[in-house]
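This is what each chain is made of:
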Amino acid sequence: MGYGRASSDEVLEPGIVLALANKMGLSISPEDAETLTALLMNQLAAVDSFDAFDLQDIVPAPVFRLEGKRDD
Amino acid sequence: MTELTDLSLSEASDMIGAGEVSSLELVEANLRAVDKTEPIVQAYANILADEARAAAKRADAEIAAGDRRGPLHGLPIGIKDNIYTKGIVTESGSEVMAGFLPDHDATCVSNLKRAGAVIIGKLRCHEFALGSNEPPTRSPWNLDCYPGGSSIGSGAAVTSRSSFGALGTDTGGSIRVPSSINNLVGMKASFGRVSIYGVVPVAWTLDHVGPMTRKVQDNALLLAGMAGHDPKDPTSAKQPVPDFCGELEAGVAGLRIGVERDYFFYDGLQDEIRASVEAVITEYQQHGAEIIEISLPELEITQDALFTIVLAECSTYHRKLIRQHSEKYDPASRVMLQLGELIPATHYLAAQQARSLYRAAINRAFSEQRLDAMLWPTMPIATAPLDQLYDFRADGYPESPVSSMCHHTFNANLAGLPALSVPCGITGEGLPFGFQLTGRAFDEATVYRIAYAYEREHDWHLRKAGLIEDV
């Protein structure tokens, strides 16, 4: 999917991502680490778009039910 | 191509009821279509010819004995291959699940079997419905263009006339996108309306199962056969299943339809689609609906919110599998699942907060404006060449086709509201597209009513891909 931005000029080193992934038991090659790092840079910026709204007092409900509340 | 396959699901149902055609004849007609189209289209992961014939004979015997179970009895239906079918290989498009034989049916499948439907085959999907790889399935509308995913085989089979209807799954648009691309009607019903027990998860809080058909009435019949509370699914809603066809003929006079333009009619919306959907809106107005312009600035966060949730949840499901079978995953799927593990928990929960914010906003719009539905294009583009999916769009708009295709669909998964794609045009290049109706929670009946009011005035649903005309 077409994420297309990073939130800052900070560079995430592929070596760090590789080490973290390996520590977590994920099997990735140095080449995969380059791709994963680029994707992660963009993904970490995703929450920036939320800052346009005040979410602080919203309690998230990871599994929710609609249960007929037509107007909730 | 035999004329039987040109029947819609509801027309075939009526003929079975009248004794004018048998279930076995319908199955054989579908299997002949399979023989003709599958070498090119490749919609099926597994064609269940013998099983379907046997089930059809049983259905015919029951119907002949006066024991017709309902409108789906004897009708051949295809099932997306990420949905469990007891004793039938279910691989979810992945080598990781190669040869997997479920010991039970998904609840949606057992409901359909109880209604008498005949399972004609398992339909290809993107690996684990992640939409990150490309099985060889092709849309008969254009073999060089993306046929829509992740319910890729479901769309191709129904438009190829090798199935009267199909089940798809939709976590971010995977029913509505292939429906729009293949000139079909596709419903992502309310979250909890159809059990997701026995469906290989993508993201538990966003996953839906739903019907893909050629006509609105077909879709309503198929949804009724699948829906209902399921105690085995913790997300299943305790809602009665209404007669979704009960108000189909009621028209739209007096209904209030919301239209949001800043997000859905943005600069990335292709001109032909914009003009056609504007014409749909005008037509509803002429038939007595009130069009209400609405504002939903929260739509801007829906892409980031959904994608973050999907990555985190699907990576959680695959956490053990990817460590055991890393090499069996398609590289594109694997990297997305690895990415999901690296998302901070705070980001996942922030995305769920954003989802709650959006959900409250759209429900508030429904309530304050007393809306019966909202309307916008299903996708801002019709589709794109297979080799250009991840580049910037050929029309110069700075967005990849893949991003464009889900731009208009993610929001309904976040809100959990019913969303239906309805055919409304074909581009100058011969590519179909649709418009999308979003309804109030558990009010699929009104969505179908509004859709049918348009469908009965047009013949888009009767148009056939050139490839199907030729075989």
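Structure's up top.
These numbers come from a predicted model, not from an experiment.

## Section: the overall build of chain A
Now for step 1: Within chain A, the secondary structure is distributed over two helices and zero strands.
Now for step 2: Residues classed as buried in chain A amount to 26% of the 72 residues present.
Now for step 3: When contacts within chain A are restricted to residue pairs at least 6 apart in sequence, long-range pairs at least 24 apart make up 59% of them.
Now for step 4: Accessible surface, chain A: about 4,400 Å² in total, of which carbon and sulfur atoms supply 54%.

## Describing the nonpolar core
Now for step 1: If you look at the biggest cluster of nonpolar residues, it comprises 138 residues, and the most contacted ones within it are Tyr284(B) and Phe435(B).
Now for step 2: Ile120(B), Leu123(B), Leu184(B) and Leu467(B) belong to the second largest nonpolar core, which has 19 residues in total.

## Remarks on the packing of aromatic side chains
All names here are of chain B.
Now for step 1: This model, assessed by the stated rule, comprises nine aromatic pairs over all chains.
Now for step 2: Here a set of aromatic residues connected by ring pairs shows up, and it is made of Tyr-263, Phe-264 and Trp-376.
Now for step 3: Positioned above the aromatic ring of Phe-265 is the side chain of Arg-261, whose terminal nitrogen or guanidinium carbon lies 5.0 Å from the ring centre.

## What to know about the sheet that holds strand β11 (residues 432–439) of chain B
Residues and elements named next belong to chain B.
Now for step 1: A sheet is described by the order of its strands in space; here 11 strands give the open sequence β1-β3-β2-β4-β6-β5-β10-β11-β9-β7-β8, paired in mixed fashion. Edge positions in the open sheet fall to β1 (44–47) and β8 (290–294), since each of these has one partner strand only. Recorded for the sheet is a direction-independent mean angle of 30° between the axes of neighbouring strands.
Now for step 2: With two bridges connecting them, strand β7 (residues 256–260) and strand β9 (residues 373–377) associate as parallel partners. Each residue of the ladder has a partner; that of Ile-257, found in β9, is Ala-373.
Now for step 3: Sheet strands touched by helix α4 (residues 107–114): β2 (76–80), β3 (118–123), β4 (166–170) and β6 (208–213). Its angle to β2, the strand with the most contacts, is close to 175°.

## Looking at the pairing of β2(B)
All names here are of chain B.
Now for step 1: Where burial is concerned, most of β2 is hidden: five out of the five residues are buried.
Now for step 2: Side chains Pro-76, Gly-78 and Lys-80 of β2 all project onto a buried face; the interleaved residues Ile-77 and Ile-79 project onto the opposite face, where all are buried too.
Now for step 3: Relative to β3, β2 runs parallel, the two sharing five bridges. Bridge assignment links Ile-77 to a residue of β3, and that residue is Ile-119.
Now for step 4: Chirality of the crossover, the property in question, places the unit of β2, α4 and β3 among those that are right-handed.

## Quick notes on the interface of chain A and chain B
Now for step 1: Taken together, the contacts link 39 residues of chain A with 56 residues of chain B.
Now for step 2: Between chain A and chain B, a total of about 4,200 Å² is buried, with carbon and sulfur atoms accounting for 64% of that surface.
Now for step 3: Applying the counting criterion to the chain A and chain B interface returns six residue pairs in polar contact (both at pLDDT 80 or more).
Now for step 4: Of all elements in the fold, only α1 (14–23) and α2 (30–44) of chain A reach the threshold of two or more residues within the side of chain A that touches chain B.
Now for step 5: Of the residues forming the side of chain A that touches chain B, the biggest block, seven residues, is contributed by α2(A).
Now for step 6: By residue class, the composition of the side of chain A that touches chain B is 24 nonpolar, eight polar and seven charged.

## Let's talk about the side chain of Asp372(B)
Now for step 1: Relative to the helices and strands, Asp372(B) is located in the loop between α12 (345–368) and β9.
Now for step 2: In this structure, Asp372(B) is buried with no salt-bridge partner, the nearest side chain bearing the opposite charge being Arg440(B) at 5.3 Å.

## Here we look at the packing of helix α9 (residues 302–317) of chain B against helix α11 (residues 331–341) of chain B
Residue and element names in this part refer to chain B.
Now for step 1: For the pair α9 and α11, interaxial distance at closest approach is 7 Å and the crossing angle is 95°. Regarding the angle of α9 to α11, the classification is roughly perpendicular. Contacts from Phe-307, Leu-311, Ala-312, Cys-314 and Ser-315 in α9 reach Met-336, Leu-337, Leu-339, Gly-340 and Glu-341 in α11.
Now for step 2: Class assignment for the residues of the contact of α9 with α11 results in seven nonpolar, two polar and one charged.

## Thoughts on α9(B)
Now for step 1: Over its 16 residues, α9(B) extends 22 Å from the first C-alpha to the last, a length consistent with the 22 Å expected when each residue adds 1.5 Å.
Now for step 2: A large share of α9(B) lies buried, amounting to 14 of its 16 residues.

Reading the values: the criteria
- Residues numbered from 1 in each chain as written.
- Chains lettered and ligands numbered in written order.
- Predicted model: local features only at pLDDT ≥ 70, side-chain atom pairs only at ≥ 80, totals over all residues.
- Heavy atoms only, no water.
- Helix = DSSP H or I, 4+ residues; strand = E, 2+ residues; numbered from the N terminus.
- Buried < 20%, exposed > 50% of the residue type's maximum accessible area, 1.4 Å probe, protein only.
- Contact = heavy atoms within 4.5 Å.
- Areas by Shrake-Rupley, 256 points an atom, 1.4 Å probe, with all protein chains shown as cover.
- Core = buried A, V, L, I, M, F, W, Y, C linked by side-chain atoms within 4.5 Å.
- Phe/Tyr/Trp six-rings, centres within 6.5 Å; stacked < 30°, edge-to-face > 60°.
- Lys NZ or Arg CZ within 6 Å of the ring centre and 35° of its normal.
- Pairing = 2+ DSSP bridges.
- Axes fitted to C-alpha atoms, helices over the stretch in contact; angles between N-to-C directions.
- Right-handed = clockwise from strand over helix to strand, strands pointing away.
- Buried area = accessible area lost by both parts, 1.4 Å probe.
- Polar contact = N/O pair within 3.5 Å; in protein donor to acceptor, adjacent residues only side chain to side chain.
- Nonpolar A, V, L, I, M, F, W, Y, C, P; charged D, E, K, R; others polar.
- Lys, Arg positive; Asp, Glu negative; His and termini not counted.
- Salt bridge = Lys/Arg side-chain N within 4 Å of Asp/Glu carboxyl O.
- Parallel < 35°, antiparallel > 145°, perpendicular 65-115°, else oblique.
- Expected span 1.5 Å × (residues − 1).

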